[in-house]
Amino acid sequence: MSKGVILLAAGGTGGHLFPAEALAHELIERGWTVHLATDHRAERYSRHFPADDTHSIPSATLGSKNPIAMLSAFWTIWQGVRQAGRVIARIKPEAVVGFGGYPTLPPVYAATRRKVPTLIHEQNAVMGRANKALSSRVDAIAGGFLPEGASAAGAKTVTTGNPVRPQILEAAKTPYAPSNDGEPFRFLVFGGSQGAQFFSDAVPAAIALLPEAQRKRLVITQQARAEDVARVKAAYAELGVDAQVSPFFTDMAARMGAAHLVMSRSGASTVSEIAVIGRPALLVPYPHALDHDQAANAAALAAAGGAELLPQSTLSVERIAELVGGVMQDSGRLTRMAAAARSAGKPDAARLLADLTEAIAFGKTVSDFRRTRA
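So, a few notes on the structure that sits alongside this text. (Residues numbered from 1 in each chain as written. Predicted model: local features only at pLDDT ≥ 70, side-chain atom pairs only at ≥ 80, totals over all residues. Heavy atoms only, no water.)

## Some words on the sheet that holds strand 12 (residues 281-283)
Pairing is parallel in the open sheet, where six strands are placed in the order 10-9-8-11-12-13. Every interior strand has two partners, whereas the edge strands, strand 10 (242-246) and strand 13 (307-309), have only one. Sheet twist, expressed as the average angle between the axes of neighbouring strands with direction ignored, equals 15°. Note that strand 11 (residues 261-264) and strand 12 share three bridges and pair parallel. Bridge pairing in strand 12 links Val-262 to Ala-281. Running over the sheet, helix 9 (residues 229-239) touches strand 9 (218-223) and strand 10 and is turned about 180° from strand 10. The sheet strands contacting helix 12 (residues 293-304) are strand 12 and strand 13, and the helix crosses strand 13 at an angle near 140°. (Pairing = 2+ DSSP bridges. Helix = DSSP H or I, 4+ residues; strand = E, 2+ residues; numbered from the N terminus. Axes fitted to C-alpha atoms, helices over the stretch in contact; angles between N-to-C directions. Contact = heavy atoms within 4.5 Å.)

Dropping the structure here:
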């Protein structure tokens, strides 16, 4: 017999839906029935989402300065609030959990109006706009990197970490093994669709500046946009470097686990996965990210000693060559960084998030929850 219904609300992108999916699996194992509220963009992801039912709720982004566009967006959101209210009245959830993105606004806001217990999960070290708008109304805030503290938001924040994929947990079982001088050195480079071009331009040129002895040690896996793959492959081939270049790797978790060094952007999921597996990283925040959330995510791991935060504006080809060449000669430093990264990881984030969800559903406060953890 089901314990009751939990309604999860997430924006229609993978970054919001994947943590929601991890929580859904955990809640279902504990005997809950899960429903999903999202928007039309989620269709390609939500087909495999483990929900008894998926509710498409209208929403809109409040990003325009055009008064007519703003009015239209507010009207769409209000229509979504009314529709979400009808869904909540019908399915009677014990709690509603939001994962950010504007599609979260109507269901979570509607739940607060109906006095249904609410929780939001913020993946980044800086709260996104939708979550920020809801933060004063919800009962609890779960943070991937957000600190617990004395501020109004911090007082009801629990740092749960970001749930990661099962493949990441599997890769985390492999301890970091340093590459000593003369041994193969596996270098993983990826940046997502918005960040891969910079790495495609800069990293092969930097590798060309390394001494031949170091180039011979390198085994590179690099994600690149489809239009860049051929030229990046050609650049490495000309240098005699062993490299695999592709727009997408289905076994990225295993490749991360095998890496001696990672160079990547610093989205919340990426930083969380690097930390859980425990690999040293050179993090280059996407410079055009909203609210500079990637810089804050990278700073969190750098503060723990597991990464170097490298603003793109400071990264010349020569600087990248200096960084990579330097750490290739210092396996002790990389080993220390790997241990520091792992100490910052939260492999049990899905369990912690489910614990907090159940506590809120049963009417407990964040203070109550903290006392049970102490």
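## Points about the packing of aromatic side chains
Considering all chains together, one arrives at two aromatic pairs under this definition. Relative to Phe-362, the ring of Trp-32 lies with its centre 5.8 Å away and its plane at 40°, an arrangement referred to as tilted. With Trp-32 in the loop between helix 1 (14-29) and strand 2 (33-38) and Phe-362 in the loop between helix 15 (349-361) and helix 16 (366-373), this residue pair connects regions lying 330 residues apart in the sequence. Its relative accessible area of 55% is what places Phe-362 among the exposed residues. Seen in terms of ring centroids, Phe-198 and Phe-199 are 5.5 Å apart; in terms of plane orientation they differ by 65°. Their pairing is edge-to-face. Summarising the burial analysis for this pair, Phe-198 and Phe-199 share the class buried. (Phe/Tyr/Trp six-rings, centres within 6.5 Å; stacked < 30°, edge-to-face > 60°. Buried < 20%, exposed > 50% of the residue type's maximum accessible area, 1.4 Å probe, protein only.)

## Some details on the side chain of Thr-221
Structurally, Thr-221 can be placed in strand 9. A polar side-chain atom of Thr-221 sits 3.1 Å from a polar atom in the side chain of Arg-255. If we skip the residues at most four places from it in the chain, Thr-221 touches Phe-187, Leu-188, Val-189, Gln-244, Phe-249 and Arg-255. (Polar contact = N/O pair within 3.5 Å; in protein donor to acceptor, adjacent residues only side chain to side chain.)

## Re the pairing of strand 1 (residues 5-9)
A regular strand places its side chains so that they alternate between the two faces of the sheet. Counting buried positions over the five residues of strand 1 gives five, a clear majority of the element. Going residue by residue along strand 1, you find Val-5, Leu-7 and Ala-9 tucked away on one face and Ile-6 and Leu-8 tucked away on the opposite face as well. The sheet contact formed by strand 1 and strand 2 spans five bridges and is parallel. When the sheet's bridge partners are listed, Val-5 is paired in strand 2 with Thr-33. Note: strand 1 against strand 4 (residues 95-98), four bridges, orientation parallel. Within strand 4, the position partnered with Ile-6 by the bridge is Ala-95.

## Things to note about helix 4 (residues 105-113)
Here helix 4 lies mainly inside the structure; seven of its nine residues are buried. Of the residues making up helix 4, those classed as buried are Leu-105, Pro-106, Pro-107, Val-108, Ala-110, Ala-111 and Thr-112. The secondary structure elements touched by the buried residues of helix 4 are strand 1, strand 2, helix 3 (67-91), strand 4, strand 5 (118-122) and helix 5 (129-134).

## Quick word on the side chain of Thr-160
Within the secondary structure, Thr-160 sits in the loop between strand 7 (157-159) and helix 6 (166-171). When near neighbours in sequence (up to four residues on either side) are disregarded, Thr-160 contacts His-121, Ala-142, Gly-143, Lys-346, Ala-349, Leu-352, Leu-353 and Leu-356.

## Quick notes on unusual backbone geometry
Although it is not a glycine, Lys-92 adopts a positive phi angle of roughly 50°. For Lys-92, a relative accessible area of 58% translates into the label exposed. In this model, Lys-115 sits at a positive phi of 65°, which is unusual for a non-glycine residue. By secondary structure assignment, the location of Lys-115 is in the loop between helix 4 and strand 5.

## Focus on the sheet that holds strand 4
Strands in a sheet are paired, the pairing made by backbone hydrogen bonds, and the direction either parallel or antiparallel. Here seven strands make up an open sheet; going across it, the order is 3-2-1-4-5-6-7 and the pairing parallel. Taken across any chain shown, the strands that pair with only one partner, and hence form the sheet edges, are strand 3 (53-56) and strand 7. Each neighbouring strand pair of the sheet contributes to a mean axis angle of 20°, computed without reference to strand direction. Inspection of the sheet shows strand 5 paired to strand 6 (residues 140-143) by four bridges, in the parallel sense. Pairing of His-121 across the sheet is with Ala-142, part of strand 6. Contacts between helix 15 and the sheet are confined to strand 1, strand 4, strand 5, strand 6 and strand 7, with strand 5 contributing the most and set at about 160° to the helix.

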